[in-house]
Amino acid sequence: MDQPGITLYGAHWCPDCRRSKQFLGEHQIPYRWVDIEQDPAGEKYVLQKNGGKRIIPTLEFPDGSILVEPTTAELAAKLGLKTKARRSHYDLLVVGGGPAGLTAALYAAREGIDTLVIERAAMGGQAATTEHLDNVPGFDEGIEGSLFGERLKHQAERFGAELLQAQEVVRVSSHDNYTYVDTADGGRYSGCALLLATGSRYQRLGAPGEESFVGSGIHYCATCDGPFYKGLPVAVVGGGNSAAEESLFLLNYVERVTLLVRGEELKGSQVIREKASNHPQIDLRFRTEVAEFRGERGKLTGVTIRNRQTGATEEIHPAAVFVFIGQSPNTAILKDSAVRLDRWGYILTGHDLLHAQDRPAGYENREPSLLETSIPGIFAAGDARAGSTKQVASASGEGATAALLIREFLKNT
Ligand SMILES: Cc1cc2nc3c(=O)[nH]c(=O)nc-3n(C[C@H](O)[C@H](O)[C@H](O)COP(=O)(O)OP(=O)(O)OC[C@H]3O[C@@H](n4cnc5c(N)ncnc54)[C@H](O)[C@@H]3O)c2cc1C
């Protein structure tokens, strides 16, 4: 890992510190965390820089400059992230800079289609958050997820796609044959076509107390937060492939994993199940659920777990809990649009749209193409699409397919 150039002074109970941590984590920017409640030198530094006031978060950058309680926009600007586009209109707007969005962008830009990608976090999507990708075609030795994300980004840029980071799309609409996206900073961009490549995200447990400790004892990304718990015991919640896989990965850092499984057994690949079941540092607890997360001053201190068969409860005190219980699509921005979703919120495309009783408007004289949504000219690819296979190779494949379908669409409009 790179030597961190940024030092973030804060405290575990401080929500703005968590926001800054999350921002740096999402952008895969290495930093050194100093909890001023544990580190008197750190506290002294904060007091000195803030005229005797204990203001956190205080961030120190490699050039010696300081930001105190920065907004997300201030932090993005300081880090040199491009959050504003050069123009307000493009041939193609792509929402999401994961494997689907970036592959589509590089294909489209290479075809001479003027393309803008808008990404709310760092380029690379979920793929960039994983330590090692072993099944991406062409990388016979595997590739680090973050490096894969970087390479996709450079490739899309090499062909001329314009990429925005740290910029969230909050609304999608269409009228008069144009598509529009509104961004969180009040901006609006229009396009002749739009690709939704917003992917999916980790699901939360919904247990009491969970929201209070997110990022401060409860985590959903082992790669991002595992290193904070070096040599300590942690708990993992989940019974599928990712829970078992991430437990094994966490053991690169942590001392021990208590794996809490609701069901009677682990599910998923046999190889991973066997590895996790036989690992001497993994303590498997079946028929077990989290009843409550508890803590003090915003810091997780204990977890009440319950045996689902007997109802007996028990207190455990892991340093952190990592939750891996599946994913849901990032499609909330489509809530008020006419883009049709399935019952889990994934985007319907192509033939799936024709099963409905009412044919979507605009398709009176033709059928939607394979990856076209219920709004003509708006396409979807990757994990956010109903029926997608949730893999890097397939998300990239869908991105490439979408770009070629969009090229045909643009030719005919
Ligand atoms: C820990 C982990 C390990 C994995 N390991 C593997 C593996 O080994 N092999 C494999 O093939 N697959 C793996 N996957 C799955 C793979 O990463 C995904 O299938 C793939 O990344 C999906 O690509 P995507 O582009 O569809 O979506 P994503 O990668 O989810 O990218 C979508 C992007 O859209 C952005 N976005 C969402 N909403 C908005 C908005 N409103 N405004 C702006 N941007 C937005 C998100 O921030 C995100 O960057 C793994 C996933 C995880 C989480």
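Structure first, text after, so check above.
Below, the structure is looked at part by part. Everything numeric here is computed off the predicted structure, so don't read it as measured data.

1. Describing the overall build of the protein
Tallying secondary structure elements over the protein gives nine helices and 23 strands in all. The globule rule puts the C-alpha radius of gyration for 413 residues at 22 Å, and the 23 Å found for the protein is close to it. Dimensions of the protein, computed from the C-alpha atoms along their principal axes, are close to 65 × 55 × 40 Å. Here the protein, with 413 residues, has 49% of them falling under the buried criterion.

2. Thoughts on unusual backbone geometry
Backbone torsion omega between I56 and P57 reads 0°, so that peptide bond is classified as cis. The residue R287 is not glycine, and still its phi comes out positive at about 50°. Given the relative accessible area of 27%, R287 is considered partly exposed. Although it is not a glycine, K390 sits at a positive phi angle of roughly 60°. Locating K390 in the fold gives a position in the loop between strand 23 (378–380) and helix 9 (392–411).

3. As for the sheet that holds strand 19 (residues 299–307)
Strand pairing in a sheet is mediated by backbone hydrogen bonds. Such pairs are either parallel or antiparallel. Spatially, the three strands line up as an open sheet ordered 18-19-20, and their pairing is antiparallel. Each of the sheet's edge strands pairs with one partner strand only, and the pair in question is strand 18 (288–296) and strand 20 (313–316). Shown here is a sheet whose adjacent strand axes are inclined to one another by a mean of 25°, direction ignored. As defined by bridge partners, strand 19 adjoins strand 20 across four bridges and the pair is classed as antiparallel. Of the residues in strand 20, the one forming a bridge with T304 is E315.

4. Quick word on the packing of helix 4 (residues 99–110) against helix 5 (residues 145–158)
Interhelical geometry of helix 4 versus helix 5 gives an angle of 25° and a closest axis separation of 8 Å. By the angle between their axes, helix 4 is roughly parallel relative to helix 5. Seen from above, helix 4 lies across helix 5 with left-handed handedness. Here P99, L102, T103, A105 and L106 of helix 4 lie close against helix 5, whose contacting residues are F148, G149, L152, K153, Q155 and A156.

5. Digging into the environment of A85
Tracing the chain through its elements places A85 in the loop between helix 3 (72–78) and strand 5 (89–95). With relative accessibility at 17%, the residue A85 sits in the buried group. Each C-alpha atom of the pair A85 and D35 lies 37 Å from the other, and the pair is 50 residues apart in sequence. Every residue in contact with A85, bar those within four places of it in the chain, is listed here: Y90, L116, E162, L164 and Y189.

6. Details of the state of the cysteines
For the structure shown, the criterion picks out one disulfide. Through a disulfide, C14 is tied to C17; the S-S separation comes to 2.3 Å. Between C14 and C17, the S-S torsion sits near 90°, and that sign places the bridge as right-handed. Judged by its relative accessible area of 0%, C17 falls in the buried class.

7. Concerning the packing of aromatic side chains
With the rule as written, the count across this model stands at eight aromatic pairs. On the basis of an interplanar angle of 90° and a centroid distance of 6.1 Å, the ring pair of Y229 and F322 is categorised as edge-to-face. Linking Y229 in the loop between helix 6 (222–225) and strand 15 (233–237) with F322 in strand 21 (residues 320–323), this pair joins segments that are 93 residues apart in sequence. Through a chain of ring-to-ring contacts, three or more aromatic side chains come together here, namely Y202, Y229, F322 and F324. In this structure, K21 is placed above the aromatic ring of W33, and the distance from its NZ or CZ to the ring centre is 4.1 Å.

8. Focus on the site of the ligand
What surrounds the ligand is a group of 32 residues, the closest being E119, Q126, N135, D383 and Q391. A distance of 2.6 Å separates an oxygen atom of the ligand from a polar atom in the side chain of E119. Residue V169 places a main-chain N or O atom 2.9 Å away from a nitrogen atom belonging to the ligand. If the ligand stood free it would expose 1,000 Å²; the protein chains cover 91% of that surface. Taken together, the residues that form the shell around the ligand break down as 12 nonpolar, 14 polar and six charged.

9. Let's talk about the pairing of strand 11 (residues 178–183)
Among the six residues in strand 11, five count as buried, and that is most of the element. Of the strand pairs in this sheet, strand 10 (residues 169–175) and strand 11 are connected by six bridges, and their pairing is antiparallel. The partner of R171 across the bridge, within strand 11, is D182. Counted between consecutive antiparallel strands, the loop separating strand 10 from strand 11 contains two residues, among which D176 sits at a positive phi close to 50°. The sheet contact formed by strand 11 and strand 12 (residues 188–196) spans four bridges and is antiparallel. Bridge assignment links Y180 to a residue of strand 12, and that residue is S190. The turn joining strand 11 and strand 12, which pair antiparallel and follow one another in sequence, is formed by four residues; a positive phi near 90° is taken by G186.

Cut-offs applied
Residues numbered from 1 in each chain as written. Predicted model: local features only at pLDDT ≥ 70, side-chain atom pairs only at ≥ 80, totals over all residues. Heavy atoms only, no water. Helix = DSSP H or I, 4+ residues; strand = E, 2+ residues; numbered from the N terminus. Rg over C-alpha atoms; globule rule 2.2 N^0.38 Å. Buried < 20%, exposed > 50% of the residue type's maximum accessible area, 1.4 Å probe, protein only. Pairing = 2+ DSSP bridges. Axes fitted to C-alpha atoms, helices over the stretch in contact; angles between N-to-C directions. Parallel < 35°, antiparallel > 145°, perpendicular 65-115°, else oblique. Left-handed = near helix turned anticlockwise from the far one by under 90°. Contact = heavy atoms within 4.5 Å. Disulfide = S-S within 2.5 Å. Phe/Tyr/Trp six-rings, centres within 6.5 Å; stacked < 30°, edge-to-face > 60°. Lys NZ or Arg CZ within 6 Å of the ring centre and 35° of its normal. Near = heavy atom within 4 Å. Polar contact = N/O pair within 3.5 Å; in protein donor to acceptor, adjacent residues only side chain to side chain. Areas by Shrake-Rupley, 256 points an atom, 1.4 Å probe, with all protein chains shown as cover. Nonpolar A, V, L, I, M, F, W, Y, C, P; charged D, E, K, R; others polar.

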